[in-house]
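Tertiary structure, described
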Amino acid sequence: MNLGRYIAQKTGWYVVALVAAVGLNFLLPRLVPGNPVDVIVSNLSRGGSVTSEQQRLVYESYVHEFGLDQSLGQQFLTYIGKVFSGDLGTSFAYYPASVNDLVGQALPWSIGVQLPAILIGWILGNVVGAIAAFRGGNWDRSVFTSALFLSAMPYYCLSIILLYVLAVVTGFFPVGGAYSLGLTPELSFAFLWDALSYYWLPFLSLVIVFIGGQAVGMRSMAIYELGGDYVNYARAMGIKDNKITQYIFRNAMLPQITGLALAIGTLVGGALITELVFSYPGVGLLLFNAIAANDYPVIQAVTLIITVAVLLANFGVEIVYGIVDPRIRAAKSGEK
């Protein structure tokens, strides 16, 4: 009953947060100065072959097509209806391309490079941090110094360094993009092998920094748990070190699980700068281009996906904590 009440309470809070996020997701892009239709019409007139009357007709047609001639309230109701029907709208900048198609094309690239980097970095970082805390001495100092340096380095700085050294200077990897010119994305060995050569630099720039951050966090938490009263009491009771280590590792892992969930939740837009540096066609690059063009539907779609992913990740962590952490159950019992 206590766990059920805990889950119901958290569900209510996250539903409220989702409603607020959906409203802000609609409103914030419209607070950005400028009109996307003005950008489209100005691009059409650059060649000088479009008259002012034709520009006016194109402008009125696009305003009506995108529903910008409606009131803000009507636009919001239309937006809500499309979101719940799974229709993310039509892109302003890439008209008449569907936002669903644009996001569907970019999402696999972001997931393919970021999810393995997050999982591998999380596992290796926690293992290295735990070993450093338990061994101590010179090993701990060298690991901590290296991990702290890596964790403090922004993704884009490491991306630029790797790009210059491994692509520009040595030529070991391609300079940018996701696959060679002339190829079309497809599930074939030739294409996947070609794309793999473009994959390594974005992947390394993400996984190296993530290993450093996780190692620092795990080391700090393990050292904190090693000094806990329950550890001294367990040793005084004659409990074997292997058993004590299991308790220490389990308690130290709780904040790390939170970090993993949040990293996965922000996976969609978490490496925007990295994708820009390498011209990698992921969702981060799509979002950047959409912001530059005031492409409301694309901005709304990407930020909505990020918001829902973060909320789901946090909600999942809250539920896991309620199950594995006895302190939460004890606190709920005390509320009776």
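Residues numbered from 1 in each chain as written. Predicted model: local features only at pLDDT ≥ 70, side-chain atom pairs only at ≥ 80, totals over all residues. Heavy atoms only, no water.

A tally of regular secondary structure across the protein gives 14 helices and zero strands. Secondary structure elements of the protein occur, N-terminal to C-terminal, as α-α-α-α-α-α-α-α-α-α-α-α-α-α. A buried classification covers 36% of the 336 residues belonging to the protein. Expressed as a percentage of contacts within the protein between residues at least 6 apart in sequence, the contacts between residues at least 24 apart total 75%. When the accessible surface of the protein is summed, it comes to about 18400 Å², and 68% of that surface belongs to carbon and sulfur atoms. (Helix = DSSP H or I, 4+ residues; strand = E, 2+ residues; numbered from the N terminus. Buried < 20%, exposed > 50% of the residue type's maximum accessible area, 1.4 Å probe, protein only. Contact = heavy atoms within 4.5 Å. Areas by Shrake-Rupley, 256 points an atom, 1.4 Å probe, with all protein chains shown as cover.)

Quick look at the pattern of salt bridges now. If you walk through the whole model with that rule in mind, you get one salt bridge. In this structure, the salt-bridge partner of arginine 219 is aspartate 140, at a minimum N-O distance of 2.6 Å. Taken together, the residues span a long stretch of sequence, with arginine 219 in helix α8 (residues 189-226) and aspartate 140 in helix α6 (residues 137-152) at a distance of 79 residues. Residue arginine 219 is classed as buried on the basis of its relative accessible area, which comes to 15%. Taking relative accessible area as the criterion, aspartate 140 reaches 10% and is therefore assigned buried. (Salt bridge = Lys/Arg side-chain N within 4 Å of Asp/Glu carboxyl O.)

Residues Val113, Leu201, Phe203 and Tyr280 are the most contacted members of the largest nonpolar core, which totals 20 residues. Mapped onto this core, the elements with two or more residues apiece are α5 (99-135), α7 (155-169) and α8. The greatest single-element share of this core, amounting to eight residues, is contributed by α8. Once residues within four sequence positions are removed from consideration, phenylalanine 203 is found in contact with Val113, Pro116, Ala117 and Ile120. Counting residues in each nonpolar core, the second largest holds 14 residues, with Val99, Val283, Val302 and Ile306 among its members. (Core = buried A, V, L, I, M, F, W, Y, C linked by side-chain atoms within 4.5 Å.)

The subject of this paragraph is a nonpolar patch on the surface. On the surface, a nonpolar cluster with roughly 550 Å² of combined accessible area is contributed by Ile161, Tyr164, Val165, Val168, Val169 and Val175. Its place among the elements puts valine 175 in the loop between α7 and α8. By relative accessible area, which is 48% here, valine 175 ends up partly exposed. (Patch = residues over 30% accessible without salt bridge, like charges linked within 9 Å, V, L, I, M, F, W, Y side chains within 5 Å.)

In the contact formed by α6 and α8, the axes pass within 7 Å of each other and the chain directions differ by 130 degrees. The angle between the axes of α6 and α8 places the two elements in the oblique class. As α6 runs across α8, the sense of the crossing is left-handed. Contact residues: α6 offers Asp140, Phe144, Ala147, Leu148, Leu150 and Ser151, while α8 offers Ile208, Val209, Gly212, Gly213, Ala215, Val216, Arg219 and Ile223. Among the residues making up the contact of α6 with α8, the classes are represented as nine nonpolar, three polar and two charged. (Axes fitted to C-alpha atoms, helices over the stretch in contact; angles between N-to-C directions. Parallel < 35°, antiparallel > 145°, perpendicular 65-115°, else oblique. Left-handed = near helix turned anticlockwise from the far one by under 90°. Nonpolar A, V, L, I, M, F, W, Y, C, P; charged D, E, K, R; others polar.)

Next up on the list: the confidence of the model for the protein. On average, the protein scores 79 in pLDDT, and the residues at 70 or more come to 87%. The secondary structure element of the protein with the lowest average pLDDT is helix α14 (residues 326-334), at 57, and the one with the highest is α5, at 87. (pLDDT = per-residue confidence, 0-100.)

Our focus in this paragraph is the environment of serine 220. For serine 220, the position within the fold is in helix α8. Residues serine 220 and phenylalanine 144, 76 residues apart in the sequence, show an inter-C-alpha distance of 9.4 Å.

To continue, consider the side chain of arginine 219. Side chain to side chain, arginine 219 and aspartate 140 meet in a polar contact 2.6 Å long. Residues in contact with arginine 219, not counting those within four places in the same chain, are Gly129, Ala133, Asp140 and Phe144. (Polar contact = N/O pair within 3.5 Å; in protein donor to acceptor, adjacent residues only side chain to side chain.)

Moving on, we come to the packing of α7 against α8. Where α7 meets α8, the axes come as close as 9 Å, and the angle between the chain directions of the two elements is 135 degrees. Between α7 and α8, the angle falls in the class oblique. As for how α7 packs across α8, the hand of that crossing is right-handed. Where α7 abuts α8, its residues Tyr155, Leu158, Ser159, Leu162, Leu163, Leu166 and Ala167 lie against Leu201, Leu204, Ser205, Leu206, Ile208, Val209 and Phe210.

Attention now goes to the packing of aromatic side chains. Each aromatic ring pair is characterised by the separation of its centres together with the angle its planes make. Under the counting rule described, the total for this entry stands at 12 aromatic pairs. Seen from their ring centres, phenylalanine 26 and phenylalanine 76 are 5.2 Å apart, and the 70 degrees between their planes marks the pair as edge-to-face. Pair noted here: phenylalanine 26 is in helix α1 (residues 2-30) and phenylalanine 76 is in helix α4 (residues 72-84), with a separation of 50 residues, a long-range link. For the pair tryptophan 109 and tyrosine 280, a centre-to-centre distance of 5.7 Å together with 90 degrees between the ring planes defines the contact as edge-to-face. Taken together, the residues tryptophan 109 in helix α5 and tyrosine 280 in the loop between α11 (272-278) and α12 (283-292) connect sequence positions 171 residues apart. Taken individually, tryptophan 109 and tyrosine 280 each receive the classification buried, so the pair is uniform in this respect. An aromatic cluster is present here, built from Trp109, Tyr179, Phe191 and Tyr280 joined pairwise through their rings. (Phe/Tyr/Trp six-rings, centres within 6.5 Å; stacked < 30°, edge-to-face > 60°.)

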